[in-house]
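As a plain string of letters, each chain reads:
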Amino acid sequence: MVQEIGVLPLLQPLVKMGFFFHRLPWMDLCQSMMRAILRAGSDTLPDSLPSVAGTLPHFVQEPEDAYIIKSNPIKLRCRAAPALQIFFKCNGDWVHQNEHESREHVDESTGLKIREVMINVSRQQVEDFHGPEDYWCLCVAWSHLGTSKSRKATVRIAYLRKNFEQDPQGKEVPIKGMIVLHCRPPEGVPAAEVEWLKNEEPVSSLNDDNIDTRADHNLIINEARLSDSGNYTCLASNIVAKRRSASATVVVFVNGGWSLWTEWSACSVPCGRGVQKRSRTCTNPAPLNGGAFCEGMSMQKITCKADCPVDGGWGEWTEWTGCSPECERQRSRECTAPAPRHGGKLCEGLSRAAENCTGGQCTLLHDVKPQSESSILLRGTNDVALYSGLAAGVIAVAILVVAVTLYRRNQSEYGVDVIDSSALTGGFQSFNFKTARQGNPLLLNSSMQPDLTVGRTYSSPICFQDSMDKELFDPLPDIKVKVQSSFMVSLGVADRAEYHVKAQPKTFPRGLTRDSSSIDSRKMGLLTPTAPTSPTKAQLRTMGMFGHLGGRLVVPNTGVSVLVPHGAIAEDTSWEMYVVINQDESSAHTDEGCEVLLGPEVTYGPPGLSLSCPIAMTIAHCAEVTGENWNIRLKRQTEDNKWEEVMSVEDETTLCYCLLDSHSCHLLLDQPGSYALVGEPLTEAAVKRLKLAVFGSTGARSMDYSLRVYCVDDTPHAFQAVVTAETGRGGQLLEEPKTLLFKANTFSLQVSIQDVPQFLWNIKPFTTCQEFSFSQVWCSNQQPLHCAFSLERYGPATTQLSCKISVRQVKGHEQILQVYTSVAEVEKERVPFFTQSDCTVTSQSGPKAFKIPYSIRQRICATFDTANAKGKDWQLLARKLHIERNLSYFAKQQSPSAVILILWEAQHQENGDLDSLASALEEIGKIHSKSPAKTPEEPKSDFS
C-alpha cells in the first residue's frame, strides 16, 4: 500500500503536464502503468481516496453539432466528472491548450468536481479544412482510471441558395377535384423548412383537414372548394435566410349544371294545333371561374291540340201557347243548335216571345191603364237628386266666401309687409337644368329611360351659366309674403335687395391698361360658348377679373374653387386672378411617416394680390375623416420651392382657417400661393377612398377586346385625368364608378376578372388576377393606377361580353364591377363623364356670384357684428351654423360675421338653397322671442 501511495503522486504530475498533447511513444506506456497500479490497489483506494469514484470520466454534456452563420464563430463545450483534464481534438489533431477555456465546480449532490471546457471554431478554420468528411471535434477527458471520449460534433457553414429547385405551377381544377402543388426548396445547410402562403396568409393543415402540407414539401388539397382559389407561394427558410417561390395561381372552376325542367306551358294557340314549351337553366350550379357551360338543350317543345270554342245557336221556336187572360200568347226556343262549348259565346237575343192574341180588342184597356207605381217612384228619385246637388253647390260656395273673407281679415292685422326665410333664396337663383334622368352618359348600355319631368340642380362648383343667355342673379322681386317672424323683420328682409354697382374701376395693378375694350374682349373670350373644350392641361387654369364686388373662380370637374368676398379688393381697383392645378407630380408630401397627398396641389394668385379679408378656397380630398385616424395638415410652397407646414386641421391658429368636410376642405387664406393638403395615418384604421372604374375598347385586331380597370384617389380631379386618357384612347365606361375604402394596414390590392364565358372568350392564362402593392396604392398621390385584361373572341358571332371585376384589399373591403357590354364594331358617341364639362363660364363677378343677396348679408353683419349683452353676436351665429372650432380666427377679422358667411357659402356651394342659414336665423329669432322683457335702463337690442 505504501508503494501504491508512493507511485500515484509520481504519476499525477505527468498527467497534469502538457506531454499528453504530443504523440510520444511513452504516453501509452504511462497510461498502462497507471491502469495497472490502480487495479492492483483497488482494494484500498476507496478508503484512501474518497474523491475518486472508481470509474472512468463520465460526460455530463457532450459537444453538439453546430452551424456557422455568416462570419460568426461558434462555441463548442463539454463537461465531465470526475475529470482531471479535458481537451478537444478536432479532425484528429489536438487543440492547443491556450485555445481552451476551462471552468471547474463541485456537484453538491455527489461531491465530485465537474470540469467544463469550451473552444471557439471560426469560419476560416472550417473553410481551410479539406477532408473526406465534415469538420468535427470531440472531447477527451482524463481521470485516475483513464480516459473517455465524447461523441463527434460536426461544424458546418450554414447557407440557403436563392433559386428553388422546383417552383409551384398554377392550376385550373374543377370543384371537388384534387389540387397538388409541388415545391422543392433551394439547397441549404441546414435543410430548409417549407411553409405555404395563400394570398400572403399562412396555410395550415392543423385547422383544415382538407389540406395536407406534410408530404415532401408539397401542398395537397383533397377536395377543391371555391374558396381555395388564389395565389399560392412556397416559403423556404432556415437559420440563415428566407426564400419565396414564384406565385402559382389556382383557379377552382365550376362546370354548369341544368336545373329541373319547368312545367309545360299552355298551348300556344287557343284553337287547333299549337306548341307547348318547357325550359331549364344552367344554374344548378351556374358555371363559375371559366367552367364549362351546360351541354344539351335549354328548351323542349311538343305539339298540342286545343279544342276550338263553339258559339251557341238558337233552335226552332216552339208552337204558340193558348191565349191568356191578359190577351197574350207565348213561345220559346233554346240555345242548343249547337250548344256553346269550350268557351264559346252564348246565343244572342231573347229565348221567349209574346204577342197579343185578340186581334187588338184588349188594346184600349191597356192604354188607359194608369201609370205604374214604379214610374212614379223613379221620377221622384230624380227630383231628389237634382235638389240635393243644388244644395251642396250653394253650401260649397258659401264656405269658400267665408274662408276668403277670414283670410283677408287675418292678413290685414299685420302692420308691416315682410318676407319669410324663403326670401333668402329669392335673391339667388340656383342653376336648374332639365335633364334626362338616365344612366351615366359614358355607359355603353344605359337601361334607364329618360324622365324629362325631373329637374337636376347644378350649383356653382361645377360651372356657371352663360350670363349672355340669361341673367340668373336678379335682385329680390317686389313680392310681399306675410309670416309671423319678428326676427326676419329686424333684419330688414322686407326691403327690396338693392345692388349699387360702381362704374368700371380706374386702377389696374400689374400692368393692366385702362382700355375698357381690352377688358371686354378678355371677358368675352372667357365667356364665349364656342371656346374650345378639349381635355388639355390648359383647362386646369381658370382666370377672371375681379373688383370690389368680389366673385367666384371654378376649375370645372376638379372640386376646386375660390370665392372672393365682397370688399376684399379695394374700391376702384381690379385684379386679374387665377387658379391653377398642378398636373405634374407633387413634392408637397414627404416619405417620412407615410405622408400622402389627399387632394390636388392648387395655386391662386397673382402673387402681389392685396386683400383686406380672406378668400375661401375649396379643395376636394380623398380621406375618410371619421374617427381620429389621420393627422391632416395644410402646406404652402415657399419662394425656394420648398414646402412648409401652415397648420394642422385641428390647430387653433389665427394664420388661416380650415373646415374639413367628408369630401372637401374649405380654407380661409390671406396670402396667395401654392397650397396642398397632406395626411399622415396615425393608425391602421386610417382609410383613403378610391374610385374604381372599368373601361373597354377593341384592340388592333377585330377579335381582340381590352378591359382596363382604374384605381384612383376619390377626387374629381384625379378621376378627370382617367376620363381624359380614355377619351383619347377611345374607351367606353362599362359600369358606374364605385368607391372602395382602402385601409392603411400595409396589405395589397388585388384585381381579378371572374365569370368570363370560356366557350365564347379566351383570356391569357394566369392573368386573371393582378395585384398592386400597398405602397403603389397608398402613395399614388392623385396619379391613376390601372391594370388591363386582354380577351379574344373565338368567333365574330360573339358580340356580347359579360363578366365581373373584383377589386379587393387583402384583409379589407371589396367591390364588384359588373360588366355587360356589346363589342360589335359600331361608331360610338364620345360622351364626357362630367355632364357639365363643356361649360365655358368658369368665373362670375359681382353679386350674382353669391347665394346670399348683398343687402341681406349687410343686415346680418350689422346685426351680429355688434356686441350684445345677451350673447347674441357673431359667436352665436357661428355655433348655429356648426362652426364651433378656432373662433379666435374670426375674432381678429374686421367683420367676423362676413367671414363666417363666406365660409358658409363655400361649404354649401353644391346646393342651391339657403335652408340651413334660414333655419339658423329662425332659431336665433325664437331664442330672442323667449328672452325676458328689458328694463327701461337696458339698451334696445338689434333683434327688436
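About the criteria used
Residues numbered from 1 in each chain as written. Predicted model: local features only at pLDDT ≥ 70, side-chain atom pairs only at ≥ 80, totals over all residues. Heavy atoms only, no water. UniProt positions renumbered as here; feature names shortened; annotations may be inferred. Helix = DSSP H or I, 4+ residues; strand = E, 2+ residues; numbered from the N terminus. Buried < 20%, exposed > 50% of the residue type's maximum accessible area, 1.4 Å probe, protein only. Contact = heavy atoms within 4.5 Å. Areas by Shrake-Rupley, 256 points an atom, 1.4 Å probe, with all protein chains shown as cover. Patch = residues over 30% accessible without salt bridge, like charges linked within 9 Å, V, L, I, M, F, W, Y side chains within 5 Å. Salt bridge = Lys/Arg side-chain N within 4 Å of Asp/Glu carboxyl O. Lys, Arg positive; Asp, Glu negative; His and termini not counted. Charge placed at Lys NZ, Arg CZ, Asp CG, Glu CD. Pairing = 2+ DSSP bridges. Axes fitted to C-alpha atoms, helices over the stretch in contact; angles between N-to-C directions. Phe/Tyr/Trp six-rings, centres within 6.5 Å; stacked < 30°, edge-to-face > 60°. Core = buried A, V, L, I, M, F, W, Y, C linked by side-chain atoms within 4.5 Å. Expected span 1.5 Å × (residues − 1). Disulfide = S-S within 2.5 Å. pLDDT = per-residue confidence, 0-100.

An unreviewed UniProt entry annotates the chain as Netrin receptor UNC5 of Scleropages formosus. In its Subcellular location (unreviewed entry) section, the UniProt entry covering the chain states "Cell membrane". Under Sequence similarities (unreviewed entry), UniProt gives the following word-for-word description of the chain: "Belongs to the unc-5 family."

## Some thoughts on the overall build of the chain
Helix and strand content of the chain: 16 helices and 51 strands. By the burial criterion, 41% of the 944 residues in the chain qualify as buried. Intrachain contacts of the chain at a sequence separation of at least 6 include 70% that bridge at least 24 residues. Only carbon and sulfur atoms are counted for the fraction: they give 52% of the accessible area of the chain, which is about 51100 Å².

## So, a negative patch on the surface
On the surface, a cluster of negative charge is made up of Glu628, Glu650, Asp651 and Glu652. Looking at where Glu628 falls in the secondary structure, it is placed in the loop between strand S35 (623-624) and strand S36 (630-637).

## Focus on the sheet that holds strand S6 (residues 101-106)
With respect to topology, four strands assemble into an open sheet ordered S1-S3-S7-S6, the strand pairing being antiparallel. Of all the strands in the sheet, just strand S1 (58-61) and S6 have a single pairing partner and so form its edges. Looking at each pair of strands side by side, their axes are set apart by 25 degrees on average, direction ignored.

## What to know about the pattern of salt bridges
A pair can form between side chains of opposite charge whenever their charged atoms are brought close. Tallying each qualifying case throughout the model produces 30 salt bridges. Its salt-bridge partner being Glu595, residue Arg633 comes within 2.1 Å of it at the nearest N-O pair. Here the residue Arg633 occupies a position in strand S36, and Glu595 occupies one in the loop between strand S31 (575-581) and strand S32 (596-597), the gap between them amounting to 38 residues. We note that Arg633, like Glu595, is buried. Note that Arg633 is salt-bridged to Glu680, the shortest N-O span being 3.5 Å. Residue Arg633 is located in strand S36, and its partner Glu680 is located in strand S40 (residues 673-681); the two are separated by 47 residues in the primary sequence. Salt bridges sharing common partners tie together Glu595, Arg633, Lys635, Glu645 and Glu680.

## Observations regarding the packing of aromatic side chains
Overall, the coordinates contain 14 aromatic pairs when judged by the stated rule. Here the aromatic rings of Tyr657 and Tyr889 are separated by 5.9 Å at their centres, their planes lie at 45 degrees, and the arrangement is tilted. One end of the pair, Tyr657, is in strand S38 (residues 657-660); the other, Tyr889, is in helix H14 (residues 888-891), with 232 residues separating them in the sequence. Of the two residues, Tyr657 and Tyr889, neither departs from the other in class, the shared state being buried.

## Considering the sheet that holds strand S45 (residues 749-754)
With antiparallel pairing, the four strands of this open sheet are ordered in space as S47-S45-S49-S50. Looking at the sheet topology across the chains shown, the edges are occupied by strand S47 (769-772) and strand S50 (814-822). Geometrically, the sheet is characterised by an average inter-axis angle of 20 degrees between neighbouring strands, direction not taken into account. Inspection of the sheet shows strand S49 (residues 800-809) paired to S50 by nine bridges, in the antiparallel sense. Of the residues in S50, the one forming a bridge with Cys803 is Val819.

## With respect to the nonpolar core
Tyr604, Leu707, Phe789 and Ile805 are the most contacted members of the largest nonpolar core, which totals 71 residues. Core analysis: the second largest hydrophobic core is formed by 33 residues, Ala616, Phe850, Ala878 and Val899 among them.

## A word on helix H15 (residues 896-907)
Here H15 contains twelve residues, and its C-alpha end-to-end distance of 17 Å stays within 8% of the 16 Å for a straight helix at 1.5 Å per residue. Most of H15 is tucked away, with ten of its twelve residues classed as buried. The set of residues buried in H15 consists of Pro896, Ser897, Val899, Ile900, Leu901, Ile902, Leu903, Trp904, Glu905 and Ala906.

## Some thoughts on the pairing of strand S10 (residues 153-157)
On S10, burial follows the alternation: Ala153, Val155 and Ile157 on one face are buried, whereas Thr154 and Arg156 on the facing-out side are not. Looking at chain direction, strand S2 (residues 66-68) and S10 are connected through three bridges and run parallel. Within the sheet, the bridge partner assigned to Ala66 lies in S10 and is Val155. As judged from the three bridges shared by strand S8 (residues 135-143) and S10, these two strands associate in the antiparallel manner. Looking at S10, one finds that Tyr135 is bridged to Val155.

## Describing the state of the cysteines
Per the counting criterion, the structure on display carries eight disulfides. What pairs with Cys267 in a disulfide is Cys304, and their sulfur atoms sit 1.9 Å apart. The sign of the 85 degrees torsion about the S-S bond sets the Cys267-Cys304 disulfide as right-handed. Here Cys304 lies in strand S23 (residues 299-306) and Cys267 lies in the loop between strand S21 (248-253) and strand S22 (272-279), a separation of 37 residues in the sequence. In this model Cys323 forms its disulfide with Cys357; the gap between the sulfur atoms is 1.6 Å. Measuring the twist about the S-S bond at about 55 degrees, one finds the Cys323-Cys357 disulfide to be right-handed. With Cys323 in the loop between S23 and strand S24 (328-332) and Cys357 in the loop between strand S25 (352-356) and helix H5 (363-367), the pair connects residues that are 34 residues apart, well separated along the chain. In this structure Cys323 comes out as partly exposed when scored by relative accessible area, which is 46%. Assessed through its relative accessible area of 24%, Cys357 is described here as partly exposed.

## A word on unusual backbone geometry
Residue Ala337 is joined to Pro338 through a cis peptide bond whose omega torsion reads 0 degrees. Tracing the sequence through the fold places Pro338 in the loop between S24 and S25. The omega angle of the peptide bond from Gly605 to Pro606 is 20 degrees, so this bond is cis rather than trans. Tracing the sequence through the fold places Pro606 in the loop between strand S33 (602-605) and strand S34 (615-620).

## Looking at helix H10 (residues 716-729)
Here H10 is 14 residues long and its end C-alpha atoms lie 20 Å apart, about the 20 Å a rise of 1.5 Å per residue gives. Listed as buried for H10 are His717, Ala718, Phe719, Gln720, Val722, Val723 and Glu726. The inward-facing, buried residues of H10 abut S31, strand S41 (687-698) and strand S42 (704-713). At the C-terminal side of H10, Gly730 shows a positive phi close to 85 degrees.

## Notes on the confidence of the model for the chain
The predicted coordinates should not be examined in detail at positions where pLDDT is low. On average, the chain scores 75 in pLDDT, and the residues at 70 or more come to 72%. Looking at the elements of the chain, mean pLDDT is at its lowest for helix H9 (residues 516-527), recorded as 33, and at its highest for S34, recorded as 94. Across residues 364-380 the pLDDT falls below 50, and counting only partners more than four positions away or on other chains, this stretch makes two contacts in the model.

## Here we look at the pairing of strand S29 (residues 551-555)
A large share of S29 lies buried, amounting to five of its five residues. Residues Gly551, Leu553 and Val555 point to one face of S29 and Arg552 and Val554 to the other, with burial holding for every one of them. In this structure, S29 lies alongside strand S30 (residues 560-564), joined through five bridges in antiparallel fashion. Paired with Val555 across the two strands is Val560, which belongs to S30. Between S29 and S30, which pair antiparallel in sequence order, lie four residues; one of them, Asn557, sits at a positive phi of approximately 65 degrees. Pairing of S29 with strand S51 (residues 843-845) involves three bridges; the strand directions are antiparallel.

## Observations concerning a nonpolar patch on the surface
A cluster of nonpolar side chains, namely Leu386, Tyr387 and Leu390, defines an oily patch on the protein surface of about 360 Å² accessible area. Here Leu386 is to be found in helix H6 (residues 373-411).

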